[in-house]
Each structure stands twice: as C-alpha cells, then as structure tokens.
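If you want the building blocks of each chain, they are given just below.
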Amino acid sequence: MKFPARAALVFLAAPALLLTACGGGNGGAGGSGSGSAAPKATGQPDVNGDGKVVIGIMSPGDTRDNGYYQSFVDDANKVAQANGWEVRPIDKLNPADAVNQARNLCRQRVDLIAVGASVLADALTAAPEPQCKGVNWYVNGGGGVEQTEYFTQSKDTVNQSLYAAGYAAGQLLKQAGASKAGYITGPELDFAKQAAKAFQAGMRAVVPNAELITTYTGDFDDSAKAKEAFEAQKAQGIKVVYPYLGGATDAVTQQANAAGISALTPGTDRCADTTTKYAVSVIFSPGAYFAAALEDFGKGTLKMGTARIWTMGVDPVPTVKFCSPEGDQQDRIDQVMKDMGTGKLDVDAAVDGAR
Amino acid sequence: MTLTRPGARHADRAPVRSRLRTPLLYAVSFAVALALAAALVTVGGHSMADALLALYQGSLDGGASIGQTIDETTPLLIVAIGAIVSARAGIFNIGQEGQLIVGAAAGAAIGLFVPGPGWLVGALALLGAALAGALWAGIPAVLYYWRGVDVVVATLLMVFVAMQLVSFAVNRDYLLQETAVEGQILSPQSDLLPEGVRLPRLGEYPDFNLGTGFVIALAVTGVVAYLLRHGKWGFRLRMLGLNPVAARRAGVRAAALGGGALLLSGGAAGLAGGVMLTGGVYRIQAGFADNVGWEGLLVALVARNHPLVAIPVALFFGVLRAGGGFLASTGVPRYLVSVVTALLVLAAAFPAAYAELRKRRRPAVEA
C-alpha cells in the first residue's frame, strides 16, 4: 500500500472537515434559527411567518397502505388543499431515526409536525430545541404519550374499537352458525396483543364459545406471509377474518372474498370499495382525528399541551359500520357503542375479565 | 534526457492505462447513477438540482449537518474496520447487522441495569456491546472450525436470529421493554439510558454538535491500520488471507487467528452498536440497526479492505445517510430518496466490485 500519500490525504481531510464544521453554525435550507424569535403562539397556521404553511408528517408505516397510515396523509391532504397548505409526508420511519427526521423538518421550516404513532414519540425530544421553537406538534397517540407543553395529541382506546369490532364479528359468526374467527397481525407487539384480547372479548359477548385463532406474521406489510397465515386459518375452519395489518390487509381480504369468508377493516371505511369487499368497517382512522386537529389549527385554536380523547358512542369516530347489515345487526352494534359512551358498558372490565 | 530501452515506451503505457482505469470507472459509474437518479426524480415531479442541493444541505452545509454526517459515519467506520480485519484473514463475515444489534442490546442491558457511576457504566456498556458482538460472531466461528459450516451462510443467518432475539427482548417487560406507564400501550423499545451513561457530545444542536464516538472510531481505525501494516499479528493475518496453506506451513494457527479475526470483526460491529446506543439513540428498539451493519460492510468493500481508505469512504456513506434524511423532509418521497441514495452507493461500490472480479478472473501467473 502506498501509505504516505493516502494517509496524508485522510489526515488532512478529516481535520479540515472538522474545522469547517466548527466554523459553521447555519442549519441548511432554512437557516439554523438558533435562538430565533418565538413564532406566534396564537393566530396559527403560518407560525414561522415565511409566507407558506407546511405540514410535516412522520409515519412509521407505509403511507400508501390503502388503510390506516394512508388515511393519515389523505385526510391531511384534504384539509391542506382546501386551505392552500403543503403536506410533506415521511413514511416508513425507523423509530431510532425519529429525532433526526424531526430536526430535518424543523430545518425545513414546517409549521406543524404530525407524529403518526406513539412509537415515534422520541421525535418530541426535538420540540424544545431552538430550531423547532414555535413549531406546533401533533401526536396520534393511540394509547397515549406522556403529555408535555410542546404538543397536542389525539387518544382513543384500543379496547373500545376492538371490542366493538369483535362484537360485529360475533354477529357475523352467529349469522353463519359458526364459532371460529381468525385474527392476523404483524409483530407480536403489546397493542396488537391487546387488540386481539379485546376483539375476542367482543366476539364472545355474542357467541360465548367463539374461538379466535391468532397469527403474528412479524410484518404488517408482508402480503405473502399474511396470505399464508390466512390459508392456515381457513384450513382450520374460520368464517370471519380480521386482518389487523398495514399494507398486507387487502391481500388477505381478497383471499377471504374468494373463499366466502367475511373480513373487517383495520381502521378505515372501505364499505364503498367494489374490488376488495369488506363486511364491516371498523373506523378508528388516525386521519379523522388529525383532520379535526388541522381544522382547529386552521382556526388558530389548536392548543399545545392538551389531549383530545375520542370516545366510541360519543364522537363520530371511532365507530363500527356493517357494509350490508342484515336484520338488526347495525342497531345492536350501535347500542353497544352507545353503552360504551355512556359508561353503561365498562369495556375495560369486559376485556380484562375475558380470559 | 533519459535513455529508454526498446519496448519500454510500450511497457509504460500499460500502467498509465491501468492507473486511469479506476478513476474512469468511478466517473462513468457516478455519471450513470446520477443520470438514472435524475430521470427518476424528474419523473417523480421533482428537480434533481434541488435534490442534490438538499443532499448537500443535509450533510455538509453548516455545523449541525456536518456533525450529523460524522455521527452517521462513526458506526459505519467501526463496522467497516471489523469487516476489514476478517476479510484480511480470508474470512467473510457478513453478519454485522446482527452483531451490531445484539451488541447494542447487551449495551442497553448494562446501561439500564448495572449500578455504578455513569462513566463506569457507560464504559462497561461499550465493552459489553463489543463482547456481545464478538460472542455472536463466535457462533459461526465455532461452526466453521468445528463442523465446516460456511462462514458467509452462518453469519448471514445469524442476522435473522439476532433480529428476532432483540425483537423478543424489547417486547417483554421482564427483559428490555420500557417501563409501563398507567394507561399507555407499551412500545417495542427499552427505557432511555440514564444521562450519565451516555457518551458526551461536543456542542449543542442546532449549532455544530458531535458525539464523541468518532474518537473511538478513529482510535480503532488507527490501531488496526498500524497493526495490519507493521505488527506481527497483521503480517500473519494477511498471510493467512493470501495463502492459508503457506500460512499453516509457516506455523500460523488458522483456527486461532482466523477465528480470532471473526471475533474481532463481530466485536467491532457490537461496539458500533454500543456507540450508536450511547452516542445518539439512547434506547434499543427492534429496528435499531437501520442497515448500518450492511452499509459498513459496503464501506469495507469500497475501501478494498484498507483501514485508512475506509475513513473517507465511510464519510461518503455518512453524507448519503445524513443528506438522504434531509432530502426526505423536503417533500421528495421516501422511496425515491432510498432509490437515489442506493444508486449512489452502487456507483461507489461498483468499481471496487468490478476490480475484485477482474482480479479473480486473472490467470495466476499474471496475479
């Protein structure tokens, strides 16, 4: 090896780079904004006063999944287009990279950063930094993120949505004279396990001897694994399937359609879909919650440091809708949701005592 | 005036051509990659000039960007140095992604559960991370020298086992999962490391700021470069890699030296995981490795197994990682960012891979 020439190059280049680094204080496109004046706390939405409103969206999942995460972007786009704002989604984000991406968005001078799931909550550590000063933060918290003064969040309860979904599935099982349902999801995460538990509890409220076959494929978007899981469940005699998935949802439902097995949606309203048919839409779409927050943002009334809790039977979402209800199916599920809203049905107790 | 022998002019032309071949290959390679990237970005409705500007702004424009680039470079360099050590011994460890995440998980366990002063626990976390990475690489080493299982296959398969193992650990509250908070669904991640355990940072965001892990990376690189070039160990290692039969005849114990190189390689990957953990991420998550292991391996390939050359190459990869993240925040879709950065990585890796292929095809006499 020609050591001296190469080594000299390396040893000259590295300190030079470091010296350059020490000399630079600006943060790129938008300037560093270190210690910059705080943007208006009220009178949103152009909080940084750069003449345009930009909404940054951070999503751990695929925002083209035709479901949960896509709804987050689609619903934001509807509000943004109506107001002449720009939406910048960053999807498939690794949680370990969340802070860096949040900083990058701050450097791009966005006015609001929406964090698509609590798994990316580490992004919020950038909120107090000078570069992010004044930026509004919204978190689709689901089960909730520890509240601070820097962000607002939407919360719902997995027990409510999934118990109601299970109740609807129970009605479908009863109608088919069957007792076996399938539940296919990705990694064996806490929320997915809790969802299965709530779904089963709801199902058993209608069919007490109902059995839920649960499969964790390890990946919300891997259609091949999800289809394989469905085939295995079909062989065990399921009559209803709940693909609690991301990008792989439609692949499973199309197989279910071919096999005459009813399917439920994991978050969005797909009743109008004519190619992939769902029997029940279980609607807990983060897009609906986010759209409401963006409406408040547009009016200048979105308050940081607060959480909005979306309750079944009280708010329009979350909700469960039969696409082609038979008999009193929709009335019965409506009553269950209403009972949750009024507190007559203690859904947490119903789920915890399910097994 | 110099006198030349007949035929000497012809003989001199070959080395000139040979010397020009590599820069030309790089030029063509990058030109093709940029053309393809430009076509894709333009078809996607964006401007290639803006994309390149964003790549620059995110990686080299200003203190925060340069700090971010060096932070991204640090683990890549450590992984690459480990890969170079094993490659010099003729052993191809491609399981750094797994060794890195196992190392980080071990570092997290030490950082979270071992009592003691922060600096000591931090140092133990780094040491533990390196040892765990070495141990993970040790399994293929044992399989190879004991049962002849191919190292490439074994190290690769161990990556998937490592991913599942860490995913299991961060989903169990009795192992590494974060502490439960009333009313919250837990995420698949550990608690944050205590502040005292973390590697110190120079400067503060958004001004120039930098994790001190780069000092570790440079120290590891310097030591390995010196030992490989001047040390007896390095000489034996190179001999083993170049001709195992001759090395054995010369008294080199292949199992000890080769196995040791594989352990060192895994240890370096584990250390890289420890540096990422204590230097910036501060908690272990299922997707923690984030392709750093694979890209570190590419750094070694592009650097053609020269430790000092690995520094600028790792820096180039760091630029792509830092700039790619920034590019995504400008509104260019993430998938397009991935394609653009992958094309540039391919452009960097292609000439080295081509040269390696040529070397293998060349008749033994020529070599």
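Remember, predicted model here, so these are calculated numbers, not experimental data.

Here we look at the overall build of chain A
Move 1: Check the secondary structure of chain A and you find ten helices and twelve strands.
Move 2: Taken over 355 residues, chain A has a buried fraction of 54%.
Move 3: For chain A, contacts bridging at least 24 residues in sequence account for 71% of all contacts bridging at least 6.

Comments concerning the overall build of chain B
Move 1: Helix and strand counts for chain B stand at 13 helices and two strands.
Move 2: The C-alpha radius of gyration computed for chain B amounts to 22 Å, which stays within 12% of the reference 21 Å derived for 367 residues, consistent with globular compactness.
Move 3: For the C-alpha atoms alone, the extent of chain B along its principal axes is close to 85 × 60 × 35 Å.
Move 4: The buried share of chain B, reckoned over its 367 residues, is 52%.

With respect to the pairing of strand S10 (residues 280–283) of chain A
Residue and element names in this part refer to chain A.
Move 1: Burial along S10 is two-sided: the face carrying Val 280 and Val 282 and the face carrying Ser 281 and Ile 283 are both buried.
Move 2: Bridging between S10 and strand S12 (residues 319–322) involves four bridges; their strand directions are antiparallel. Counted as the bridge partner of Val 282 is Val 320 from S12.

Regarding the domain arrangement of chain A
All names here are of chain A.
Move 1: In terms of domains, chain A is made up of domain 1 (37–156 + 285–313) and domain 2 (158–283 + 325–352).
Move 2: Among the elements that make up the side of domain 1 that touches domain 2, the one with the highest residue count is helix H2 (residues 68–83) (three residues).
Move 3: Of the residues assigned to the side of domain 1 that touches domain 2, the class counts are three nonpolar, nine polar and three charged.

Considering the packing of helix H5 (residues 118–147) of chain B against helix H10 (residues 254–281) of chain B
All names here are of chain B.
Move 1: Across the interface, H5 lies against H10 with an axial gap of 6 Å and an inter-helix angle of 145°. By crossing handedness, the relation of H5 to H10 is classed as right-handed.
Move 2: Here the contact of H5 with H10 is composed, by residue class, of 18 nonpolar, eleven polar and no charged.

Remarks on the pairing of strand S5 (residues 151–155) of chain A
All names here are of chain A.
Move 1: Counted residue by residue, S5 has five buried out of five residues, so it is predominantly covered.
Move 2: Sheet topology places S5 next to strand S11 (residues 307–309); three bridges connect them, and they run parallel. Each bridged residue has a counterpart across the sheet, and for Ser 154 the counterpart in S11 is Arg 308.

A few points about the packing of helix H3 (residues 63–88) of chain B against helix H7 (residues 213–230) of chain B
All names here are of chain B.
Move 1: For the pair H3 and H7, interaxial distance at closest approach is 9 Å and the crossing angle is 25°. When the axis of H3 is compared with that of H7, the two are roughly parallel. Note on packing geometry: the crossing formed by H3 with H7 is left-handed. Of H7, the residues touching H3 (which contributes Ile 70, Thr 74, Leu 77, Ile 78, Ile 81, Val 85 and Arg 88) are Gly 213, Phe 214, Ala 217, Val 220, Thr 221, Val 224 and Leu 228.
Move 2: Here the residues of the contact of H3 with H7 sort into ten nonpolar, three polar and one charged.

So, the sheet that holds strand S8 (residues 240–244) of chain A
All names here are of chain A.
Move 1: With parallel pairing, four strands are arranged side by side in an open sheet as S7-S6-S8-S9. On the outer flanks of this sheet lie strand S7 (211–216) and strand S9 (262–263), each paired with one strand and no other.
Move 2: Direction of pairing for S8 relative to S9: parallel, over a ladder of two bridges. Across the sheet, the residue bridging to Val 241 is Ala 263, located in S9.
Move 3: Against the sheet, helix H4 (residues 158–176) contacts strand S6 (180–185), S8 and S9, and its axis sits at roughly 155° relative to S8.
Move 4: Packed onto the sheet, helix H5 (residues 190–206) meets S6, S7 and S8 and runs at close to 165° relative to S7.

Side note on the confidence of the model for chain B
Residues and elements named next belong to chain B.
Move 1: Chain-level statistics for chain B give a pLDDT mean of 90 and a share of 94% at 70 or above.
Move 2: Looking across chain B, the model is least confident in helix H1 (residues 8–43), with a mean pLDDT of 81, and most confident in helix H4 (residues 96–113), with 98.
Move 3: Across the assembled chains, the prediction reports ipTM 0.81 with pTM 0.83.

Considerations on H2 of chain A
Residues and elements named next belong to chain A.
Move 1: Taking 1.5 Å of rise per residue, the 16 residues of H2 would be expected to cover 22 Å, and the 23 Å separating its terminal C-alpha atoms lies within 8% of that figure.
Move 2: Within H2 the residues assigned to the buried category are Tyr 68, Tyr 69, Gln 70, Ser 71, Phe 72, Val 73, Asp 75, Ala 76, Val 79 and Ala 80.
Move 3: Gly 84 occupies a position one or two residues after H2 and carries a positive phi of about 75°.

What counts and what doesn't
- Residues numbered from 1 in each chain as written.
- Chains lettered and ligands numbered in written order.
- Predicted model: local features only at pLDDT ≥ 70, side-chain atom pairs only at ≥ 80, totals over all residues.
- Helix = DSSP H or I, 4+ residues; strand = E, 2+ residues; numbered from the N terminus.
- Buried ≥ 20, exposed ≤ 12 C-beta atoms within 10 Å, placed from the backbone.
- Contact = placed C-beta atoms within 7 Å.
- Rg over C-alpha atoms; globule rule 2.2 N^0.38 Å.
- Pairing = 2+ DSSP bridges.
- Domains from an automatic or database assignment.
- Nonpolar A, V, L, I, M, F, W, Y, C, P; charged D, E, K, R; others polar.
- Axes fitted to C-alpha atoms, helices over the stretch in contact; angles between N-to-C directions.
- Left-handed = near helix turned anticlockwise from the far one by under 90°.
- Parallel < 35°, antiparallel > 145°, perpendicular 65-115°, else oblique.
- pLDDT = per-residue confidence, 0-100.
- Expected span 1.5 Å × (residues − 1).

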